[in-house]
Amino acid sequence: NILQELTGNGKGVKGDEKKFEISKEGNLYYLNDKIRKISTYDAQNQHENSPIISGKLVSSKTTTFSDPSSVDAHAYAERTYDFYKKTFNRDSYDAKSSPIKSYIHVGEKWNNAAWDGEKMLYGDGDGKTFISLAGALDVIAHELTHAVTQFTANLQYRDEPGALNESMSDIMGVMIDDNDWLIGEDVYTPNKPGDALRSMSNPKKYNQPDHYDDRYTGYQDNGGVHINSGINNKAAYLIAAGGKQSSVTVDGIGRVKTRAIYYRALTEYLTATSQFIDMRDAAIQSAKDLYGANSKEVKAVKQAYDAVGVV
Ligand SMILES: Cc1cccc(C(=O)O)c1OC(=O)C1CC1
Ligand SMILES: [Zn+2]
């Protein structure tokens, strides 16, 4: 690449040392990765609903950056960009190498993270429910996947399409983190080790359904987008890891094939109003495209959606 690489370093939210791409302008260094077009801003506690969240590009007098939230937001955005490029040959969230902007210190003790349609927002947490939400790779991959979804299937953010939108973000979140089936565990309840915001292997542990017959049909949470995502999350877990549920046994096919199936379903078959049944069909068709009509991968997908009651 014609750009001269410049490496910055700093400690993340969990105190771990990280390295990342920065740029120098004048006598200051900035969290601006000109190779991947990733830049990280400090929202300086502006309210998350303020119409235009402005921010100050994070800078430092040296190549060492001292704000742990900025270090993780920047480094994990690079990790997520690289994952999509290497795994799916996707260049940024819109596949057109659009710039990725992250804002940290959004709101006051905001227990939230979001993709607001054009940028990523991270709260600092209140120190009890969450610590800085930029401190978890699966959170950042979750948020950036909302952007991928917006530029592909564009699943509506309510009811069943919304639960699928949420599930896609959880699936890619655990796939990039690649060593567990938990969501947000690194930044959730610092005083309660070992718990998580959600579990894909056991959604019920955190009050999500794992079967379609137990879906939430009320109006909270945009029609339960963070509740019913547990149903599709369990299906994805079963496809990858295998297992038994509602007297259906699934022979797992592994994480690599599973994420390939879901990425293809998201980018080739799902639409803004896809329901759970359409997710089943899209995953089956994607597995057929990738592995053949009578493959064990197709069988695993059918078994998994049978097991979660989407038939
Ligand atoms: C913490 C939080 C609250 C509300 C919405 C989201 C959201 O992005 O849907 C959210 O972030 C997550 O779910 C990330 C994965 C842990
Ligand atoms: Zn989400």
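Just so we're clear, the structure is a prediction, and the values are computed from it rather than from any experiment. (Residues numbered from 1 in each chain as written. Chains lettered and ligands numbered in written order. Predicted model: local features only at pLDDT ≥ 70, side-chain atom pairs only at ≥ 80, totals over all residues. Heavy atoms only, no water.)

### Details of the sheet that holds strand E8 (residues 59–60)
Test applied: DSSP-based pairing: two strands are paired if at least 2 bridges between them are found. Secondary structure elements follow DSSP: runs of H or I no shorter than four residues count as helices, runs of E no shorter than two count as strands, and numbering proceeds from the N terminus.
Taken in spatial order, the three strands line up as E3-E4-E8 in an open sheet, and their pairing is antiparallel. Strand pairing shows two members of the sheet lacking a second neighbour, strand E3 (23–25) and E8, which therefore form its edges.

### Considerations on the coordination of the zinc ion (ligand 2)
What counts is decided by this rule: Water is not part of the atom set, so a site may look incomplete; the donors themselves are N, O and S atoms within 2.8 Å of the metal, or 3.2 Å for Na, K and Ca. A four-donor site is classed as tetrahedral when every donor-metal-donor angle falls between 85 and 135 degrees; four donors are called square planar, and six octahedral, when trans pairs exceed 155 degrees and all remaining angles lie between 65 and 115, with any other arrangement labelled irregular. Using a 1.4 Å probe on the protein chains alone, a residue whose accessible area is under 20% of its type maximum counts as buried, one over 50% counts as exposed, and one in between counts as partly exposed.
For the zinc ion (ligand 2), the full set of protein donor atoms is His 142 (NE2), His 146 (NE2) and Glu 166 (OE), at a range of 1.9 to 2.0 Å. Viewed at the metal, the four donor atoms of the zinc ion (ligand 2) are separated by angles of 91 to 128°, and the geometry they form is tetrahedral. The sequence pattern describing where the donors of the zinc ion (ligand 2) fall on their chain is H-x3-H-x19-E. Here Glu 166 lies in helix H3 (residues 159–177) and His 146 lies in helix H2 (residues 137–150), a separation of 20 residues in the sequence. Residue classification places His 146 among the buried residues on the basis of a relative accessible area of 10%.

### Some details on the nonpolar core
For clarity, the threshold we go by: Within this scheme, the nonpolar core is defined by two criteria: the residues are buried Ala, Val, Leu, Ile, Met, Phe, Trp, Tyr or Cys, and they are joined through side-chain atoms within 4.5 Å.
Grouped together as the largest cluster of nonpolar side chains are 71 residues, with contacts concentrated most on Tyr 122, Tyr 262, Met 279, Val 301 and Tyr 305. Within the second largest apolar cluster, nine residues are counted, among which are Phe 20, Ile 22, Phe 65 and Val 71.

### Points about the packing of aromatic side chains
Selection criterion: Each pair of aromatic rings taken from Phe, Tyr and Trp, with Trp reduced to its six-membered ring, is defined by centres within 6.5 Å and is described as stacked if the planes are under 30 degrees apart, edge-to-face if over 60, and tilted in the remaining cases.
The full count for this structure, using the stated rule, is twelve aromatic pairs. Ring centres of Tyr 84 and Phe 88 lie 5.8 Å apart, and the angle between their planes is 50°; on these two criteria the pair is classed as tilted. Here Tyr 84 pairs with Phe 88, and both are found in helix H1 (residues 68–88), just four residues apart, close to one helical turn. You can call Tyr 84 buried: its relative accessible area is 4%.

### Brief notes about the pairing of strand E2 (residues 17–21)
Relative to E2, strand E1 (residues 7–11) runs antiparallel, the two being bridged by five bridges. Counted as the bridge partner of Asn 9 is Lys 19 from E2. Connecting E1 to the next strand, E2, in antiparallel fashion are five residues, including Gly 15 with a positive phi near 85°.

Function-wise, these values are silent; they only describe arrangement.
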